[in-house]
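Per-entry structural report
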Amino acid sequence: MPRYDYECETCGKRFEARHGFDDPAPACPDGHPVVHRIITSTPRLLKGMEAATSKNATKAELRAKWAEETPKLRKKMADKLGEDAVNRNASILNTKYDTD
Ligand SMILES: [Zn+2]
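Residues numbered from 1 in each chain as written. Predicted model: local features only at pLDDT ≥ 70, side-chain atom pairs only at ≥ 80, totals over all residues.

**So, the sheet that holds strand β2 (residues 14-18)**
A sheet is described by the order of its strands in space; here three strands give the open sequence β2-β1-β3, paired in antiparallel fashion. Every other strand in the sheet has two partners, leaving β2 and β3 (35-38) as the edge strands with one partner each. Pairwise comparison of adjacent strand axes, ignoring direction, gives a mean angle of 40° for this sheet. Bridge analysis of strand β1 (residues 3-8) against β2 gives five bridges, and the strand direction is antiparallel. Looking at the pairing, Arg 3 lines up with Arg 18 of β2. (Pairing = 2+ DSSP bridges. Helix = DSSP H or I, 4+ residues; strand = E, 2+ residues; numbered from the N terminus. Axes fitted to C-alpha atoms, helices over the stretch in contact; angles between N-to-C directions.)

Here it is in structure tokens:
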């Protein structure tokens, strides 16, 4: 079961809870009913890009990373938005990191 981080709106306490994706948010351990989920996990794709940039990657490395990730990103977009939308935005996907 996935783990989520929450912050209580009333007392600010942060806590973890395990529950299904569609289940309602749990209450604060101190009994306050209003809590907010804290988004701590970055999508895997972005993590890869961050890793590449945080190591002072050269432009060549960035380009290689981009070339590696773009097809995956493109597929994700196609799954979500449809091929038409991807084709309309193809120039953006193809040109980023393409210039020196
Ligand atoms: Zn609380």
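**Section: the pairing of β2**
For β2, the buried fraction is low: zero of the five residues fall into the buried class. Connecting the antiparallel pair β1 and β2 is a turn made up of five residues, with Gly 12 showing a positive phi of about 80°. (Buried ≥ 20, exposed ≤ 12 C-beta atoms within 10 Å, placed from the backbone.)

**Thoughts on the confidence of the model for the protein**
On average, residues of the protein score 78 in pLDDT, and 70% of them are at 70 or above. Confidence, expressed as mean pLDDT per element, reaches its minimum in the protein at helix α1 (residues 44-54) with 60 and its maximum at β2 with 93. (pLDDT = per-residue confidence, 0-100.)

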